[in-house]
Amino acid sequence: MHSEFWHERWRSGRIGFHQSQVNPLLKHCWSELQADGAGRVLVPLCGKSIDMLWLREQGHEVTGVELNELACQAFWDEQEVPVTVQQTGDFSLREKDGLRLLCGDFFTLPAAEFKTINWVYDRAALVAFPEPMRKRYAQTLTEQLPAGVGMLLITLEFDDAEGPPFSVTEEEVQALYGDRFSIEKLTAQTGMGRSGRAEVESVYIMRDRR
Ligand SMILES: C[S@@+](CC[C@H](N)C(=O)[O-])C[C@H]1O[C@@H](n2cnc3c(N)ncnc32)[C@H](O)[C@@H]1O
């Protein structure tokens, strides 16, 4: 998936993935990580998700990483929070009160950004990538994240091969992350997706084996 694909989605407002409410599965399942409002949460491919606000409200520090500048600015504008934009390497940074939004390519995120992460929240990030990029994405996380990290991952499964989103099976989650994490599937809900197709939304809790 090329960057331009996503920039065009944001420019044209075709952001059906964005949710106006906090994701109910996040609210329901986050406590399973026993994160207790402590530590920093990485939200890869965060868009302008208000799930980051909910995580912040729990007490976590939050770092979101998003490719598109419109999305990063819209997040703060919609909260009516004025922020200044700083440049840090290849990324622009908008931050306020423990919530940092880094704008740039996740695959070029400096190693130092991963070192302070305790938790990862992945909703619509892994499934946003086609298969070869999913491998690269999961490899980046498993190689860069520090010991003891935990993750909440939400995936979708459906028959249609076209994406994004892309269908990700439990077997693939195991293949991508099983060497480093113990993986527990918490729920799997069958429902109608945005495009009217049947899909299964699954939540995984992943705990570092190290
Ligand atoms: C399907 S959306 C999900 C957004 C968010 N997680 C949510 O739940 O609303 C995927 C997002 O990832 C961003 N994105 C795609 N490739 C990226 C990359 N390489 N680095 C950072 N962000 C990326 C897109 O701009 C888009 O906003």
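Residues numbered from 1 in each chain as written. Predicted model: local features only at pLDDT ≥ 70, side-chain atom pairs only at ≥ 80, totals over all residues. Heavy atoms only, no water.

What to know about helix H1 (residues 3–11)
Residues three or four positions apart in an α-helix share a direction because the helix packs 3.6 residues into each turn. Taken as a whole, H1 has its buried residues at Trp 6, Arg 9 and Trp 10. Summarising the axial view, the buried residues of H1 lie within an arc of 95°, below the 170-degree limit, and thus occupy one face. The elements touched by buried residues of H1 are strand S2 (61–66) and helix H4 (69–78). A positive backbone phi angle near 70° is found at Gly 13, which sits one or two residues after H1. (Buried < 20%, exposed > 50% of the residue type's maximum accessible area, 1.4 Å probe, protein only. Helix = DSSP H or I, 4+ residues; strand = E, 2+ residues; numbered from the N terminus. Arc of directions from axis to C-beta. Contact = heavy atoms within 4.5 Å.)

Some words on the site of the ligand
Residues in close proximity to the ligand total 14 residues, the closest being Leu 45, Glu 66, Asp 105, Phe 106 and Arg 123. In this structure, Glu 66 approaches the ligand through a side-chain N or O atom, which is 2.6 Å from an oxygen atom. Separating a nitrogen atom of the ligand from a backbone N or O atom of Phe 106 is a distance of 2.8 Å. A total of 600 Å² of accessible area belongs to the ligand in isolation, and the protein chains cover 95% of it. (Near = heavy atom within 4 Å. Polar contact = N/O pair within 3.5 Å; in protein donor to acceptor, adjacent residues only side chain to side chain. Areas by Shrake-Rupley, 256 points an atom, 1.4 Å probe, with all protein chains shown as cover.)

Side note on the UniProt feature "binding site: S-adenosyl-L-methionine" (unreviewed entry) in the chain
Taking the UniProt record as the reference, the feature "binding site: S-adenosyl-L-methionine" (unreviewed entry) is found at Trp 10, Leu 45, Glu 66 and Arg 123. Take Leu 45: it is sitting in the loop between strand S1 (40–44) and helix H3 (51–57). Its relative accessible area of 21% is what places Leu 45 among the partly exposed residues. Residues in contact with Leu 45, not counting those within four places in the same chain, are Val 65, Glu 66, Phe 106, Ala 125, Ala 128, Phe 129 and Tyr 137. Here Glu 66 is to be found in strand S2. We classify Glu 66 as buried; its relative accessible area is 7%. Other than its neighbours up to four places away in sequence, Glu 66 contacts Trp 10, Leu 45, Cys 46, Gly 47, Ala 71, Cys 72, Leu 102, Cys 103 and Gly 104. (UniProt positions renumbered as here; feature names shortened; annotations may be inferred.)

Looking at the state of the cysteines
Counted by the stated rule, this structure contains 0 disulfides. The thiol of Cys 72 is not disulfide-bonded; the next cysteine sulfur, from Cys 103, is found 3.5 Å away. Since its relative accessible area comes to 0%, Cys 72 is described here as buried. (Disulfide = S-S within 2.5 Å.)

Some details on the pattern of salt bridges
Applying the stated criterion to the full structure yields 13 salt bridges. For the salt bridge of Lys 135 with Glu 131, the shortest nitrogen-to-oxygen distance reads 3.1 Å. Of this pair, Lys 135 and Glu 131 both sit in helix H6 (residues 131–144), 4 residues apart, which is roughly one turn of the helix. When its relative accessible area of 37% is taken as the criterion, Glu 131 is described as partly exposed. A salt bridge links Glu 184 to Arg 207, with the nearest nitrogen and oxygen atoms 3.1 Å apart. Placement of the pair is Glu 184 in strand S8 (residues 181–192) and Arg 207 in strand S9 (residues 198–208), with a sequence separation of 23 residues. Under the relative-accessibility criterion, Glu 184 is labelled partly exposed at 34%. Looking at Arg 207, the relative accessible area reads 33%, which means it is partly exposed. The network of salt bridges with common partners includes Glu 4, Glu 8 and Arg 11. (Salt bridge = Lys/Arg side-chain N within 4 Å of Asp/Glu carboxyl O.)

Digging into the nonpolar core
Most often, soluble globular proteins keep nonpolar side chains buried together rather than apart. With 31 residues, the main nonpolar core has Leu 42, Tyr 137, Leu 141, Leu 145, Val 173, Tyr 177 and Met 206 as its most contacted residues. Looking at this core, the elements with two or more residues in it are strand S4 (91–96), H6, strand S7 (150–157), helix H7 (170–177), S8 and S9. In terms of residues, this core owes the most to one element, H6, which gives 4 residues. Formed by 28 residues, the second largest nonpolar core is a distinct cluster that contains Trp 30, Trp 54, Leu 99 and Cys 103. (Core = buried A, V, L, I, M, F, W, Y, C linked by side-chain atoms within 4.5 Å.)

Some thoughts on the sheet that holds S7
Pairing is mixed across the open sheet formed by 9 strands, whose spatial order is S3-S4-S5-S2-S1-S6-S7-S9-S8. Both outer strands of the open sheet, strand S3 (86–88) and S8, are each paired with one neighbouring strand and no more. Here the strands of the sheet are splayed against their neighbours by 20° on average, with no regard to which way each runs. The pairing of S8 with S9 spans 11 bridges and is antiparallel. From the neighbouring strand, Phe 181 faces S9, where its bridge partner is Asp 208. (Pairing = 2+ DSSP bridges. Axes fitted to C-alpha atoms, helices over the stretch in contact; angles between N-to-C directions.)

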